[in-house]
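# Structural characterization, general
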Amino acid sequence: LTFQEKKEEIFKSREYLLTNKLINPGERIAYCYPYGDYDNEILELMSDLKMGYGFTTDVGSAYLDEHNGSIHKLPRWDTNDCWDFNWRRPKIPKL
């Protein structure tokens, strides 16, 4: 997508959430990138639009000071990382 197409898609998605009262005006939201796909243009747009917190598909705990202060490319834990399939019970993920 071009920069303008990315901007329009993000803006329209945010407007949909606002119009349908799924978020409040000025509210920062947490979001995940589709398939973990993002680039520097996306990060710039998310920051400019004050979109909130962006989670990547990188596995791990999110500490802002260890990620250059970027709230738009935070790692996350997948639910599969928190389940022991052998014992069929929750587990604490290994760092």
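A brief structural summary.

## Observations regarding the pairing of strand β2 (residues 52-59)
- Of the strand pairs in this sheet, strand β1 (residues 29-32) and β2 are connected by four bridges, and their pairing is parallel. Following the sheet pairing, Ile 29 is matched in β2 by Gly 52.
- As for the winding sense of the linkage, the β-α-β connection from β1 through helix α2 (residues 40-48) to β2 is right-handed.

## Notes on the packing of aromatic side chains
- Summed over the entire model, instances satisfying the criterion amount to two aromatic pairs.
- Each member of the aromatic cluster is reached from another via a ring pair, and the members are Tyr 31, Tyr 33 and Tyr 38.

## Notes on the environment of Lys 50
- Relative to the elements of secondary structure, Lys 50 occurs in the loop between α2 and β2.
- Lys 50 sits 46 residues away from Gln 4 along the chain, and the two C-alpha atoms are 17 Å apart.

## Description of the side chain of Asp 84
- Along the chain, Asp 84 turns up in strand β4 (residues 83-84).
- Although Asp 84 is buried, it makes no salt bridge; Arg 89 carries the closest opposite charge, 4.9 Å away.
- Only 2.9 Å separates the side chain of Asp 84 from the backbone nitrogen of Trp 87, close enough to count as a polar contact.
- Apart from the residues lying within four places of it in its own chain, the contact partners of Asp 84 are Arg 89 and Lys 91.

## What about α2?
- Here α2 has its buried residues at Ile 42, Leu 43, Leu 45 and Met 46. Taken down its axis, α2 places every buried residue within 165° of arc, on the same side. Opposite the buried face of α2, by more than 90 degrees, sit the exposed residues Asn 40 and Asp 48.
- On its buried face, α2 is in contact with α1 (3-19) and β1.
- Where α2 begins, one side-chain oxygen reaches toward the backbone nitrogen of Glu 41, 3.1 Å away; that side chain belongs to Asp 39.

## So, the sheet that holds strand β3 (residues 74-76)
- Strands sit in the order β1-β2-β3 across an open sheet of three strands; the sheet is parallel. The sheet terminates laterally at β1 and β3, the two strands that pair on one side only. Ignoring strand direction, the axes of neighbouring strands in this sheet form an average angle of 45°.

## Section: the pattern of salt bridges
- Applying the stated criterion to the full structure yields two salt bridges.
- Asp 39 serves as the salt-bridge partner of Lys 6, at 2.5 Å between the closest nitrogen and oxygen. Within this pair, whereas Lys 6 is found in helix α1, its partner Asp 39 is found in the loop between β1 and α2, the two being separated by 33 residues in sequence.
- Taken together, the salt bridges that share partners define one network made up of Lys 6, Asp 39 and Glu 41.

## Thoughts on the packing of α1 against α2
- At a minimum axis separation of 10 Å, α1 and α2 run at an interaxial angle of 40°. Considering their axes alone, α1 and α2 lie oblique with respect to each other. With respect to the hand of their crossing, α1 and α2 are arranged in right-handed fashion. Every residue of α2 that contacts α1 at Phe 3, Lys 6, Lys 7 and Ile 10 is listed here: Glu 41, Ile 42, Glu 44, Leu 45 and Met 46.
- Looking at the contact of α1 with α2 residue by residue, the class counts come to five nonpolar, no polar and four charged.

What counts, and where the lines are drawn
- Residues numbered from 1 in each chain as written.
- Predicted model: local features only at pLDDT ≥ 70, side-chain atom pairs only at ≥ 80, totals over all residues.
- Heavy atoms only, no water.
- Pairing = 2+ DSSP bridges.
- Helix = DSSP H or I, 4+ residues; strand = E, 2+ residues; numbered from the N terminus.
- Right-handed = clockwise from strand over helix to strand, strands pointing away.
- Phe/Tyr/Trp six-rings, centres within 6.5 Å; stacked < 30°, edge-to-face > 60°.
- Buried < 20%, exposed > 50% of the residue type's maximum accessible area, 1.4 Å probe, protein only.
- Lys, Arg positive; Asp, Glu negative; His and termini not counted.
- Salt bridge = Lys/Arg side-chain N within 4 Å of Asp/Glu carboxyl O.
- Polar contact = N/O pair within 3.5 Å; in protein donor to acceptor, adjacent residues only side chain to side chain.
- Contact = heavy atoms within 4.5 Å.
- Arc of directions from axis to C-beta.
- Axes fitted to C-alpha atoms, helices over the stretch in contact; angles between N-to-C directions.
- Parallel < 35°, antiparallel > 145°, perpendicular 65-115°, else oblique.
- Left-handed = near helix turned anticlockwise from the far one by under 90°.
- Nonpolar A, V, L, I, M, F, W, Y, C, P; charged D, E, K, R; others polar.

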